[in-house]
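These are the residues of each chain, in order.
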Amino acid sequence: MSADVMLSFLNQCSLESRLRFFVASHCAPVLKGIKAANVMSAERGTWKRLVKILRGSGVLCILLSVGSGREVLLLYRYEKLRDHLEQEPVRKFLADRGYEGTDVVSVIIKLRERYAGYEKSRQGFPHELGVILEYPVEDVEGFIKNRGKNCLLEKYWKVYHNKEQAAEIFARYDRVRELAMEEAIAGYPLERIAVT
């Protein structure tokens, strides 16, 4: 999609259409059912509006944090996230970071707590967020070890292992992002953009 098409749409669309496009461009893999969770930052007040327009989509949205004029939102598919959190490498990674349970509710409560602590002090970023967003555990560990440097590939996350597999995933994400943005511009509601 060209930048001209996007700008033309965004300059003349309603506030709700703009939000729908914003979600489609930032969270398409979750909307399209190929990813468990995404995080996005938005202006204050977005969360309440977004919860309403996501109804019927199969995608849930929780407020992860509220900062100076911004909200950090976690959009997720409950079943996909539940299944992801049950994988042994994910369970071990979370347990090593103080997560006592790996059910969706417990993980989200702990993540909100850890993220709020980070927001206050700007120290101790909760890197488990990457694992919750389905970044490979090896890449999250590589990011921590390398302090975000020396990655093999960077797009949706920084890749430290299995560059080819990550490139394939990035290509899938790009394809569904393009489709979701086209559907948002065509006026589809999020429940129609989302695969249920």
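Residues numbered from 1 in each chain as written. Predicted model: local features only at pLDDT ≥ 70, side-chain atom pairs only at ≥ 80, totals over all residues. Heavy atoms only, no water.

Draft legend 1. Focus on the sheet that holds strand E2 (residues 60-66). Spatially, 3 strands are ordered E1-E3-E2 in an open sheet, and the strand pairing comes out antiparallel. A single partner strand is all that each edge strand has here, and the edge strands are strand E1 (37-43) and E2. Here the strands of the sheet are splayed against their neighbours by 30 degrees on average, with no regard to which way each runs. For E1 and strand E3 (residues 70-76), the ladder comprises 7 bridges, and the chain directions are antiparallel. Opposite Val-39, over in E3, you have Leu-74 as the bridge partner. Contacting E1, E2 and E3, helix H3 (residues 46-54) runs over the sheet at an angle of about 25 degrees to E3. (Pairing = 2+ DSSP bridges. Helix = DSSP H or I, 4+ residues; strand = E, 2+ residues; numbered from the N terminus. Axes fitted to C-alpha atoms, helices over the stretch in contact; angles between N-to-C directions. Contact = heavy atoms within 4.5 Å.)

Draft legend 2. Main features of the packing of aromatic side chains. According to the stated counting rule, one finds 7 aromatic pairs in the structure shown. An angle of 75 degrees between the planes, with centres 6.2 Å apart, marks the rings of Tyr-115 and Phe-125 as edge-to-face. Within this pair, whereas Tyr-115 is found in helix H6 (residues 104-121), its partner Phe-125 is found in the loop between H6 and helix H7 (128-132), the two being separated by 10 residues in sequence. In this structure Tyr-115 comes out as buried when scored by relative accessible area, which is 9%. Among the aromatic residues, those joined into a cluster by ring pairs are Tyr-135, Tyr-156, Trp-157, Phe-170 and Tyr-173. Lying across the ring of Phe-93, Arg-97 places its NZ or CZ 3.6 Å from the centre. Note that Arg-192 overlies the ring of Tyr-188, its terminal NZ or CZ placed 3.8 Å from the centroid. (Phe/Tyr/Trp six-rings, centres within 6.5 Å; stacked < 30°, edge-to-face > 60°. Buried < 20%, exposed > 50% of the residue type's maximum accessible area, 1.4 Å probe, protein only. Lys NZ or Arg CZ within 6 Å of the ring centre and 35° of its normal.)

Draft legend 3. Quick look at the packing of helix H4 (residues 78-85) against H6. Where H4 meets H6, the axes come as close as 9 Å, and the angle between the chain directions of the two elements is 85 degrees. Taken together, H4 and H6 sit at an angle that is classed as roughly perpendicular. Contact with H4, carried on its side by Tyr-78, Leu-81, Arg-82 and Leu-85, involves Val-104, Val-107 and Ile-108 of H6 and no other residues of that element. Partitioning the contact of H4 with H6 into residue classes produces 6 nonpolar, no polar and 1 charged. (Parallel < 35°, antiparallel > 145°, perpendicular 65-115°, else oblique. Nonpolar A, V, L, I, M, F, W, Y, C, P; charged D, E, K, R; others polar.)

Draft legend 4. A look at the packing of helix H2 (residues 15-31) against H3. Here H2 crosses H3 at 75 degrees, and the two axes come no closer than 11 Å. Relative to H3, the element H2 is oriented roughly perpendicular. Here Leu-15, Glu-16, Leu-19, Val-23 and Leu-31 of H2 lie close against H3, whose contacting residues are Thr-46, Arg-49, Leu-50, Ile-53 and Leu-54. Broken down by class, the residue content of the contact of H2 with H3 amounts to 7 nonpolar, 1 polar and 2 charged.

These figures capture arrangement, not role.
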